[in-house]
Amino acid sequence: MAPLLALIGQLDEEASQPLYLQLQRGIRRAIEEKLLGPDDALPPERDLAEQFSVSRITVRKAIDGLVSEGLLARRQGSGTFVSNRVEKNFSKLTSFTEDMIARGRAPTSTWLSKSKGTVTPEESLTMGLSPGTPVYRFNRLRFADGAPMALEYCTVQAFCLPSIDTVASSLYSALEKSGYRPTRALQRLRAVLFNAEQAQLLGAQERDAGLLVERRGFLPDGRAVEFSHSLYRGDTYDFVAELSTPESEK
Ligand code: 16G
């Protein structure tokens, strides 16, 4: 791996952006552009401070931010590495494709099935739709850099897309194009054990731990757009959320 300074370039002391943010942005970009890959080690803080002619405090601040974003991970006794787990912010309404790209991973999917139908009684209740409402179902196995990450079963109200074939790689980008991308969602997360079929698809063992996330996505006017079940491999995903006390929000 080339020295970080060669990948990122010198920081600009005259710029209005603080040095630690410039360094952070440089490291983030190096990860996004795959100049740094999962499990690559970062040089020790004192070497980075020397390379970039900044204080160790500046380096630590830059790294702390990337650790809390989940892009870097500190491992006791052995230093700081580019994270190979995916941290997903539980409070941001983003898509799988966006989450992976933000982490420098290449998202791909294989179709398990794609079909037209009408809501099941469960969907009709959870999405608040009348029986018989037309829907599309998109069932996919989702990968990051070729490694299986999640099984995803999405039901979308048919009126939200011009046709079932408009979903090529990203459902949310197709919904955005048609003006029906959800702007609010409710999520429920539950621990599960994989059955034999799920384990086989995800390259895991039967009864390995997984995380099931149900998402109901809504339009600004309150209409439900999607109801999805995403089953993640428990060893590849961390769900994180920033919490604050009710007082601090006043
Ligand atoms: C995420 C969403 C899922 C959505 C999908 C769209 C969670 C828990 N679920 O996986 O509800 O349908 O992204 O992804 O984050 P796409 O635009 O890449 O197809």
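Overview of the structure. These numbers were taken from a predicted model, which means no experiment stands behind them.

## Here's the deal with the overall build of the protein
In step 1: Of the regular secondary structure elements, the protein holds 8 helices and 10 strands.
In step 2: Taking all 250 residues of the protein together, the buried fraction comes to 41%.
In step 3: Across the protein, the fraction of contacts at a sequence separation of at least 24, relative to all contacts at a separation of at least 6, is 58%.
In step 4: A total of about 13,300 Å² of accessible surface is found on the protein, and carbon and sulfur atoms cover 51% of it.
In step 5: Positive and negative side-chain charges of the protein, numbering 31 and 32 respectively, have mean locations separated by a distance of 4 Å.

## Quick notes on the side chain of Glu226
In step 1: Among the structural elements, Glu226 can be located in strand β9 (residues 224-233).
In step 2: An unpaired buried charge is present at Glu226: no salt bridge exists, and Arg215, the closest side chain of opposite charge, is 4.4 Å distant.
In step 3: Setting aside residues no more than four positions away along its own chain, Glu226 makes contact with Met127, Cys154, Thr155, Val156, Leu171, Tyr172, Pro182, Arg215, Arg216 and Gly217.

## Looking at the site of the ligand
In step 1: Residues in contact with the ligand amount to 19 residues; listed here are only the nearest, Thr97, Glu152, Ser170, Leu171 and Ser228.
In step 2: Backbone polar atom of Tyr172 to an oxygen atom of the ligand: 2.9 Å apart, as the coordinates give it.
In step 3: If the ligand stood free it would expose 460 Å²; the protein chains cover 100% of that surface.
In step 4: Cavity membership is defined here by more than half of the atoms lying within 2 Å of grid points; on that basis the ligand lies in the largest cavity.
In step 5: Among the elements of the structure, α5 (96-102), β5 (134-144), β6 (147-157), α7 (171-178), β8 (209-218) and β9 are those that each provide at least two residues to the shell around the ligand.
In step 6: The element that contributes the greatest number of residues to the shell around the ligand is β9, accounting for 4 residues.
In step 7: When the residues that make up the shell around the ligand are grouped by side-chain class, the tally is 6 nonpolar, 7 polar and 6 charged.

## Side note on the nonpolar core
In step 1: Counting 20 residues, the largest nonpolar core has Leu23, Ile27, Leu36, Leu42 and Phe52 as its most contacted members.
In step 2: Of all the secondary-structure elements, those providing two or more residues to this core are α1 (4-8), α2 (19-32), α3 (45-52) and α4 (56-69).
In step 3: With 15 residues, the next largest nonpolar core counts Phe138, Val167, Tyr172 and Ala174 among its residues.

## Examining the layout of surface pockets
In step 1: One number sums up the size of the largest pocket: a volume of about 410 Å³.
In step 2: Glu69, Glu87, Asn89, Lys92 and Arg103 are, among the 17 residues lining the largest pocket, the residues nearest its centre.
In step 3: Elements that contribute at least two residues to the lining of the largest pocket include exactly α4, β3 (86-89) and α5.
In step 4: Taken together, the residues of the lining of the largest pocket sort by class into 4 nonpolar, 4 polar and 9 charged.
In step 5: Empty space within the second largest pocket amounts to approximately 160 Å³.
In step 6: Along its surface, the second largest pocket is lined by Leu42, Pro43, Pro44, Glu45, Arg46, Arg56, Arg60, Ile63, Arg74, Gly79 and Thr80.
In step 7: At 3 residues, the largest contribution of residues to the lining of the second largest pocket is made by α4.
In step 8: Taken together, the residues of the lining of the second largest pocket sort by class into 4 nonpolar, 2 polar and 5 charged.

What counts, and where the lines are drawn
Numbering of residues begins from 1 in every chain and follows the order in which that chain's sequence is written. Local features are withheld for residues below a pLDDT of 70 in this predicted model, meaning they are given only at 70 or higher, and side-chain atom pairs are given and counted only at 80 or more; totals for whole chains, interfaces and linings count all residues. With hydrogens and water excluded, all non-hydrogen atoms of the structure serve as input to the side-chain values. In DSSP terms, a helix is any run of H or I states spanning at least four residues, a strand is any run of E spanning at least two, and both are numbered starting from the N terminus. Here's how the labels work: a residue is buried when its accessible area is under 20% of the maximum for its type, exposed when over 50%, partly exposed in between, all with a 1.4 Å probe on protein chains only. It only takes one pair of heavy atoms within 4.5 Å for two residues to be counted as in contact. Reported accessibility uses the Shrake-Rupley method at a 1.4 Å probe radius. Residues are deemed covered only where the shown protein chains occlude them. When charges are counted, Lys and Arg are positive and Asp and Glu negative, with His and the chain ends excluded. For the purpose of locating charges, the reference atoms are NZ of Lys, CZ of Arg, CG of Asp and CD of Glu. Throughout this description, the term salt bridge denotes a Lys or Arg side-chain nitrogen within 4 Å of a carboxyl oxygen of Asp or Glu. Being near a molecule or strand, for a residue, comes down to having at least one heavy atom within 4 Å of it. A 3.5 Å cut-off defines polar contacts: any pair of N or O atoms within that distance qualifies, except that in protein one atom must be a possible hydrogen donor and the other a possible acceptor, and neighbouring residues in sequence count only when both atoms are side-chain atoms. Space inside and on the surface of the protein is sampled on a 1 Å grid over the protein atoms alone, with a cavity defined as a set of points where a 1.4 Å probe fits but cannot get out and a pocket as an open set with protein on both sides within 12 Å along at least 5 of 7 lines; lining residues have an atom within 4 Å of a point. If over half the atoms of a molecule are within 2 Å of the grid points of a cavity or pocket, the molecule is regarded as sitting in it. All residues other than Ala, Val, Leu, Ile, Met, Phe, Trp, Tyr, Cys, Pro, Asp, Glu, Lys and Arg, Gly among them, are scored as polar; the first ten of these are nonpolar and the last four charged. Nonpolar cores were defined as sets of buried Ala, Val, Leu, Ile, Met, Phe, Trp, Tyr and Cys residues, with membership established by side-chain atoms within 4.5 Å. Grid points are joined across faces, edges and corners, and a volume is the space filled by probe spheres set on the points.

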